[in-house]
Amino acid sequence: MKNAWRRWITTVNLAAIALMPTQMFLAFSHRATADDPGACYMVTSSGKTVGLERLCGNIIAAPSDDKVFRVSIKRRFGGTPVIDVTFNDKKTFEMIVDTGASGTIITQSMANTLKLQATGTMQAQIADGSEVEFPTSKVKSIAAGGVTANNLQVAIAPKASIGLLGHDFFGNYDIKILEREVEFHHR
């Protein structure tokens, strides 16, 4: 008999909730939003969060587990993130994070700054489906946000205005593109 009463009370309670007007539910509904300030910020004595990206630079420190690396998005090029990428531990250039590119492509200007000479050529299919031939060269290292790839062959695009960072750089990582940063999650 007690179980029958419990079922009836539970049914009545559920029915009462179902009959509550919508306005009553809205009174209990709370909307919460989160604003992630990133890894480089301070909180003032009044509780205001102040970003310090200019002081910290564009590269954001990796979390303590060293399996996720983050780099700030400087701007977007056609909606695609542009980040700072360092070559040979010396020169930093803006590059597009191109999740559709199998290899890294640099501009002629970048090749000149890095003092690279063409050592070969490669055929590549570009976004419009056509095949083009690029001169190639090797770089000692490419680094962004704590991720480094060594001894990579890069294509040199004489007419490009910005380089493309491809899968040869981040192929061992899952990429998560956020509003203000790109995360590299080690597999």
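All of these numbers come straight from a predicted model, not from anything done at the bench.

Basis of the calculations
Residues numbered from 1 in each chain as written. Predicted model: local features only at pLDDT ≥ 70, side-chain atom pairs only at ≥ 80, totals over all residues. Heavy atoms only, no water. Core = buried A, V, L, I, M, F, W, Y, C linked by side-chain atoms within 4.5 Å. Buried < 20%, exposed > 50% of the residue type's maximum accessible area, 1.4 Å probe, protein only. Helix = DSSP H or I, 4+ residues; strand = E, 2+ residues; numbered from the N terminus. Phe/Tyr/Trp six-rings, centres within 6.5 Å; stacked < 30°, edge-to-face > 60°. Salt bridge = Lys/Arg side-chain N within 4 Å of Asp/Glu carboxyl O. Pairing = 2+ DSSP bridges. Contact = heavy atoms within 4.5 Å. Polar contact = N/O pair within 3.5 Å; in protein donor to acceptor, adjacent residues only side chain to side chain.

Peer 1: Explain the nonpolar core to me, using residue names and the numbers behind them.
Peer 2: Ranked by internal contacts, the top residues of the largest apolar core, which has 28 residues, are I83, F87, I106, I142, F169 and F184. Sorting the residues of this core by element identifies strand 4 (68–72), strand 6 (80–87), strand 7 (91–97), helix 4 (108–113), strand 10 (131–144), strand 11 (147–157), helix 5 (167–170) and strand 14 (181–186) as the ones contributing at least two each. The element that contributes the greatest number of residues to this core is strand 11, accounting for 5 residues. With 5 residues, the next largest nonpolar core counts A124, F134, A155 and A157 among its residues.

Peer 1: Which residues make up the packing of aromatic side chains, and what values go with them?
Peer 2: All chains considered together, the criterion is met by 5 aromatic pairs. Both rings, one in F87 and one in F93, keep their centres 5.7 Å apart while their planes meet at 70°; by these two values the pair is edge-to-face. Taken individually, F87 and F93 each receive the classification buried, so the pair is uniform in this respect. A centroid spacing of 6.5 Å and a plane angle of 45° characterise the contact between F170 and F184, whose relative ring orientation is tilted. Residue F170 is located in helix 5, and its partner F184 is located in strand 14; the two are separated by 14 residues in the primary sequence.

Peer 1: Which residues make up the pattern of salt bridges, and what values do they have?
Peer 2: Pairs may arise between side chains of opposite charge once their charged atoms sit close together. Following the criterion strictly, the structure yields 7 salt bridges and no others. Between E183 and R70 there is a salt bridge; the shortest N-O distance is 2.9 Å. Residue E183 is located in strand 14, and its partner R70 is located in strand 4; the two are separated by 113 residues in the primary sequence. By relative accessible area, which is 22% here, R70 ends up partly exposed.

Peer 1: Please provide a residue-by-residue account of the pairing of strand 4, values included.
Peer 2: With 4 of 5 residues buried, strand 4 lies mostly within the body of the structure. With 5 bridges connecting them, strand 4 and strand 14 associate as antiparallel partners. The residue bridging S72 from the neighbouring strand is E181, located in strand 14.

Peer 1: Describe in detail the environment of T86, supporting the description with residues and values.
Peer 2: In this structure, T86 sits in strand 6. Spatially, the C-alpha atom of T86 lies 6.4 Å from that of A144, the residues being 58 residues apart in sequence. Look past the residues within four positions of T86 in its chain and what remains in contact with it is K91, T92, S141, I142 and A143. A distance of 2.9 Å separates a polar atom in the side chain of T86 from a polar atom in the side chain of T92.

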